[in-house]
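Structural characterization, general
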Amino acid sequence: MKLAVIGAGKWGQALYHAFSQKNDVVITSRSHKDIPHFVSMKEALEYEYLVIAIPAQAVRGWLEENFVDKGQKILVAAKGIETATGSFLNEIYGEFVDADRLAFISGPSFAAEVQKSLPTALVISSTNLELAKTYADALPEYIRGYVNDDVIGEEVAGAYKNVIAIAGGVCDGLKLGNNARAALISRGLVEMTRFGEAFGAKTETFLSLGGAGDLFLTASSTLSRNYRVGIGLAQGKKIEDILEELGEVAEGVPTAKALYLLAKQKEIYLPIATEVHAMLEEGKDPRQSVRDLLG
Ligand SMILES: NC(=O)c1ccc[n+]([C@@H]2O[C@H](COP(=O)([O-])OP(=O)(O)OC[C@H]3O[C@@H](n4cnc5c(N)ncnc54)[C@H](O)[C@@H]3O)[C@@H](O)[C@H]2O)c1
Ligand SMILES: O=P(O)(O)OC[C@H](O)CO
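Rules of the game
- Residues numbered from 1 in each chain as written.
- Chains lettered and ligands numbered in written order.
- Predicted model: local features only at pLDDT ≥ 70, side-chain atom pairs only at ≥ 80, totals over all residues.
- Heavy atoms only, no water.
- Near = heavy atom within 4 Å.
- Polar contact = N/O pair within 3.5 Å; in protein donor to acceptor, adjacent residues only side chain to side chain.
- Areas by Shrake-Rupley, 256 points an atom, 1.4 Å probe, with all protein chains shown as cover.
- 1 Å grid on protein atoms, 1.4 Å probe; cavity = no way out; pocket = protein on both sides within 12 Å on 5 of 7 lines; lining within 4 Å.
- Sits in = over half its atoms within 2 Å of the grid points.
- Helix = DSSP H or I, 4+ residues; strand = E, 2+ residues; numbered from the N terminus.
- Nonpolar A, V, L, I, M, F, W, Y, C, P; charged D, E, K, R; others polar.
- Core = buried A, V, L, I, M, F, W, Y, C linked by side-chain atoms within 4.5 Å.
- Buried < 20%, exposed > 50% of the residue type's maximum accessible area, 1.4 Å probe, protein only.
- Contact = heavy atoms within 4.5 Å.
- UniProt positions renumbered as here; feature names shortened; annotations may be inferred.
- Pairing = 2+ DSSP bridges.
- Axes fitted to C-alpha atoms, helices over the stretch in contact; angles between N-to-C directions.
- Points joined across faces, edges and corners; volume = space filled by probe spheres on them.

Description of the site of ligand 1
Residues in close proximity to ligand 1 total 20 residues, the closest being K10, W11, A111, V249 and E251. Taking G9, its main chain carries an N or O atom lying 3.3 Å from an oxygen atom of ligand 1. Within the contact set of ligand 1, an oxygen atom lies 2.6 Å away from a side-chain nitrogen or oxygen of E251. Starting from 820 Å² of accessible surface for ligand 1 in isolation, the protein chains cover 83%. Structurally, ligand 1 is housed in the largest pocket. When contributions to the shell around ligand 1 are tallied by element, the ones reaching two or more residues are α1 (10-19) and α3 (56-66). Along the lines of polarity and charge, the residues of the shell around ligand 1 split into eleven nonpolar, two polar and seven charged.

Considering the nonpolar core
Among the nonpolar cores identified, the biggest contains 45 residues, and Y160, F195, V229, V276 and L280 are the most heavily contacted of them. If you list the elements that add at least two residues to this core, you get α7 (151-173), α8 (178-198), α9 (209-218), α10 (225-234), α11 (239-246), α12 (252-266) and α13 (271-282). Take this core: its biggest share by element is eleven residues, from α7. Each residue touching L280, except ones within four places of it in the same chain, is listed here: I166, V229, L233, I239, G252, V253 and A256. Listed in part, the 32 residues of the second largest apolar core include Y16, Y49, A53 and L139.

Comments concerning the UniProt feature "binding site: sn-glycerol 3-phosphate" (unreviewed entry) in the protein
According to UniProt, the feature "binding site: sn-glycerol 3-phosphate" (unreviewed entry) maps to K79, G107, S109, K161, D214, S224, R225 and N226 in the numbering used here. Residues from the named set that contribute to the lining of the largest cavity are K79. Positionally, G107 belongs in the loop between β5 (102-106) and α5 (111-115). For G107, the residues in contact, after removing those within four places along its chain, are K79, L122, L209, G210 and D214. Tracing the backbone shows K161 in helix α7. You can call K161 buried: its relative accessible area is 6%. Sequence-distant contacts of K161, defined by excluding residues within four places in its chain, comprise K79, M192, D214, L215 and T218.

Section: the sheet that holds strand β3 (residues 49-52)
Strand order in the open sheet made by the seven strands is β2-β1-β3-β4-β5-β6-β7, with mixed pairing throughout. Bordering the open sheet on either side are β2 (24-28) and β7 (143-148), each of which pairs with just one other strand. Geometrically, the sheet is characterised by an average inter-axis angle of 25 degrees between neighbouring strands, direction not taken into account. Examined bridge by bridge, β5 and strand β6 (residues 120-125) share three bridges and lie antiparallel to one another. Within β6, the position partnered with F104 by the bridge is S125.

Describing unusual backbone geometry
Despite not being glycine, K175 has its phi angle at roughly 55 degrees, a positive value. In this structure, K175 sits in the loop between α7 and α8. By relative accessible area, which is 72% here, K175 ends up exposed.

Section: the layout of surface pockets
By volume, the largest pocket amounts to about 1100 Å³. When contributions to the lining of the largest pocket are tallied by element, the ones reaching two or more residues are α1, α3, α5, α7, α9 and α10. Across the lining of the largest pocket, the residue classes tally to 19 nonpolar, 15 polar and eleven charged. As for the second largest pocket, its lining consists of 22 residues, of which L184, I272, V290, L293 and L294 are closest to the centre. Breaking the lining of the second largest pocket down by element, the ones donating at least two residues are α7, α8, α13 and α14 (286-294). Taken together, the residues of the lining of the second largest pocket break down into 16 nonpolar, one polar and five charged.

As structure tokens, this is what we get:
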């Protein structure tokens, strides 16, 4: 199979490594990178099968500037909800490509471990299960690919867990203990499920890889950029300084605002996301957020 990976950040390069095990893969990004089989954006967009690892908040602009529909299939490899409009990625990509040519990859997957070919299990979701299977079959032996058709559920899970991961970092940064982190992660799973169901997601989606699996991974590891944002908040750092130090995308930061706005609009009770939003956007003291969550 011939594939083109678009976006050469940590995740794009990890997926390029993974898919290259069994396929002919090229990679591109907005600035040249010294990677074998690096091609121009124009050449990459001629491929039939694409993998796009551009961060959620940049997707719409990138599509508007670069994408011409020539029948390509797209595996969307980002996790987030567009803050400006509250749109999920399937809605944004859906403005450019029919749903039956869109698939979404999610699940517990630190790029650094995928890059080292460590055992991983991921979910590829699509309304077109044949397409999901095509991409899953292209994964290497060290990645077990599951497929399902609950695109909304997998999208919500992948986006929401980044916000709970920020809270997980706050919890550990304040040294509140394992009991507190377990309570936070469990309640975070309930909260993301409640949110997902409001948008038509399947409850069981949140019990598997894309939900509980990715949440447990991300909300308790310094390998997570979002978890590290929480550590910084607990240390009293300003979010601007945290992100500058990080030097990589932390999708939970803009997604927290998107969740807060959607929760108000649809009147959904999202206590943890609301407190993360308050810490990020209003500079609320993390200790006060914890007290308010426990209150
Ligand atoms: N890093 C991981 O472990 C991991 C794992 C799974 C999913 N993801 C998801 O993958 C997506 C990308 O994250 P990442 O880890 O590669 O982040 P990163 O910060 O390592 O890289 C982001 C890449 O996007 C590019 N980019 C940013 N704005 C752009 C724009 N306007 N147009 C074109 N390119 C742009 C940057 O140049 C950079 O190469 C995120 O949604 C993230 O949640 C990351
Ligand atoms: O580093 P994070 O917090 O963006 O998490 C990376 C992946 O989404 C983990 O599955």
